[in-house]
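Analysis of the macromolecular model
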Amino acid sequence: PIDVLIATAEDDWPSVVKPRLMAHDADLDRVHRIAVRDEHGETLLTLPGDIAWLEAEIQRMRGAGRTVGLLVVDPISAFLSDATDSHRDASVRRALAPLALMADRCDIAVLTVAHLTKDDSKNVLARVSGSGGFVNAARSVLCLARDPEDPDGEQGRQRVLVHVASNWGRYASALAAQVESRLVNVDDGSRADVGCFAVIGESSVTLDDLQGRREDSRSDYQEAIVAVLIDGPQPSSDVKALVAKQLGCALKTVERAAKRMSDRGELNITPHGYPRTTTWTLRGEDSGRADSDNAAGTP
């Protein structure tokens, strides 16, 4: 067991971070929130300006018997000094180099969190928000994403953790996980429903599955979708499962192909009901059947 230091700028500690730690059965005595204080009160940790203070704090805790082994910074962009241009590689590297040197001196792992942009036309590493220096400075990069095999698509609870870059050691196997709900007692005496990240086991999802760019250009996805729907509308989950099995691809790849067909006016994607389900219908099929019914005298 080790002690963990967490610097977070996005989530409230008592109402968000602590309940999540409790939901994951963390030993709260070993988790420490980094709080920097100056003459004006509490402020954010600043990198690289507060590196010396941070290193001294780690050594002080170790002197008190704490086995500090991990520092989490979430998100890294929020803790960079105003002098750092987060969109310039050289500027980001200058800001992160002192952090890396401190990690080496203190023999501590540093986990920095960055978000992905919404432009899924790019590869995963190019989607990391800000400069490529965030990726280039890291020894290992992990990507947490929705599972492209999740039959519920964007509404699903399945996730994958994929090792997408490494310049030190072998690549690790991808992990499959799902977001579960857990009730925990929070500081104000109430009970909170908190999302819990439960690892299920290894996953066959690869970096190519997450990017999907190479597969998306193949025309056989559209042909396979048409073949399934030729006899009438079908639930989207059934169509995706059939096409994915037939072509040996990810469910997300089929979903992207359907979206392109919809944009071209070839497919109707109709959500309905609660919980929401979605039906796919070949465009023109409904109107064609209606004309046939009317010709036969159907009211």
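Residues numbered from 1 in each chain as written. Predicted model: local features only at pLDDT ≥ 70, side-chain atom pairs only at ≥ 80, totals over all residues. Heavy atoms only, no water.

**Details of the pattern of salt bridges**
- One pass over the structure, following the stated rule, counts 15 salt bridges.
- Residue Arg66 is joined to Asp3 by a salt bridge in which the shortest nitrogen-to-oxygen separation is 3.2 Å. Here Arg66, found in the loop between helix H2 (51-63) and strand S5 (68-74), pairs with Asp3, found in strand S1 (residues 3-8); they are 63 residues apart in sequence, far enough to count as distant.
- Classification of Asp3 by relative accessible area gives buried; the value is 0%.
- Arg182 is the partner of Asp25 in a salt bridge, and the nearest nitrogen-oxygen pair spans 3.7 Å. In this pair, Asp25 sits in the loop between helix H1 (13-23) and strand S2 (31-33) while Arg182 sits in strand S9 (residues 174-185), placing the two residues 157 residues apart along the sequence.
- In this structure, a network of salt bridges that share partners links the residues Asp3, Asp27, Asp29, Arg30 and Arg66. (Salt bridge = Lys/Arg side-chain N within 4 Å of Asp/Glu carboxyl O. Helix = DSSP H or I, 4+ residues; strand = E, 2+ residues; numbered from the N terminus. Buried < 20%, exposed > 50% of the residue type's maximum accessible area, 1.4 Å probe, protein only.)

**Considerations on the sheet that holds strand S7 (residues 140-146)**
- One open sheet accounts for four strands, arranged S7-S8-S9-S10; its pairing is antiparallel. Strands with a single pairing partner mark the edges of an open sheet, and in this sheet they are S7 and strand S10 (191-203). Shown here is a sheet whose adjacent strand axes are inclined to one another by a mean of 30°, direction ignored.
- For strand S8 (residues 158-166) and S9, the ladder comprises four bridges, and the chain directions are antiparallel. Along S9, the bridge assignment pairs Gln158 with Gln178.
- Against the sheet, H1 makes contact with S9 and S10, and its axis sits at roughly 110° relative to S9, the strand it touches most. (Pairing = 2+ DSSP bridges. Axes fitted to C-alpha atoms, helices over the stretch in contact; angles between N-to-C directions. Contact = heavy atoms within 4.5 Å.)

**A look at helix H8 (residues 236-247)**
- An ideal rise of 1.5 Å per residue puts 16 Å on 12 residues; H8 measures up with 16 Å between its terminal C-alpha atoms.
- Along H8, the residues classified as buried are Ser236, Val239, Lys240, Val243 and Ala244. Taken down its axis, H8 places every buried residue within 120° of arc, on the same side. With respect to the buried face of H8, the exposed residues turned more than 90 degrees away are Leu242, Lys245 and Gln246. (Expected span 1.5 Å × (residues − 1). Arc of directions from axis to C-beta.)

**Things to note about the sheet that holds strand S11 (residues 234-235)**
- Spatially, S11-S13-S12 is the arrangement adopted by the three strands of the open sheet, whose pairing is antiparallel. Of all strands in the sheet, those with a lone pairing partner are S11 and strand S12 (267-272), marking the two edges.
- Both S12 and strand S13 (residues 277-282) contribute to a ladder of six bridges, which runs antiparallel. Residue pairing for S13: Asn268 is matched across the bridge by Thr281.
- Where helix H7 (residues 220-229) meets the sheet, it contacts S11, S12 and S13, and its direction lies at approximately 95° from that of S13.

**Here we look at the layout of surface pockets**
- Volume-wise, the second largest pocket comes out at about 570 Å³.
- In terms of lining residues, the second largest pocket is bounded by 18 residues, among which Asp152, Ser236, Lys240, Arg276 and Thr278 are the most central.
- Elements supplying a minimum of two residues to the lining of the second largest pocket: H8, helix H9 (251-263), S12 and S13.
- Of the residues contributing to the lining of the second largest pocket, the split by class is six nonpolar, six polar and six charged. (1 Å grid on protein atoms, 1.4 Å probe; cavity = no way out; pocket = protein on both sides within 12 Å on 5 of 7 lines; lining within 4 Å. Points joined across faces, edges and corners; volume = space filled by probe spheres on them. Nonpolar A, V, L, I, M, F, W, Y, C, P; charged D, E, K, R; others polar.)

**Re the environment of Gln222**
- Structurally, Gln222 can be placed in helix H7.
- As a C-alpha pair, Gln222 and Gln59 span 163 residues in sequence and 60 Å in three-dimensional space.
- Not counting chain neighbours up to four residues away, the residues in contact with Gln222 comprise Met261, Arg264 and Glu266.
- A distance of 3.2 Å separates polar atoms of two side chains, one belonging to Gln222 and the other to Glu266. (Polar contact = N/O pair within 3.5 Å; in protein donor to acceptor, adjacent residues only side chain to side chain.)

**Describing unusual backbone geometry**
- Omega for the peptide link from Leu47 to Pro48 comes to 5°, which places this bond in the cis form.
- Along the chain, Pro48 turns up in the loop between strand S4 (41-43) and H2.
- Cis geometry is adopted by the peptide bond preceding Pro75, which originates at Asp74 and carries an omega value of -10°.
- You can see Pro75 is positioned in the loop between S5 and helix H3 (89-106).
- Notably, Asp25 is not glycine yet its phi reads approximately 60°, a positive angle.
- Residue class for Asp25 comes out exposed when judged on its relative accessible area of 64%.

**Some details on the packing of H7 against H8**
- Following both chains from N to C, one finds H7 and H8 inclined at 130°, their axes separated by 10 Å at the closest point. Between H7 and H8, the angle falls in the class oblique. Between H7 and H8 lies a crossing whose hand is right-handed. Contacts from Asp220, Tyr221, Ala224, Ile225, Val228 and Leu229 of H7 reach H8 at Val239, Leu242, Val243, Gln246 and Leu247.
- Of the residues that constitute the contact of H7 with H8, the class distribution is nine nonpolar, one polar and one charged. (Parallel < 35°, antiparallel > 145°, perpendicular 65-115°, else oblique. Left-handed = near helix turned anticlockwise from the far one by under 90°.)

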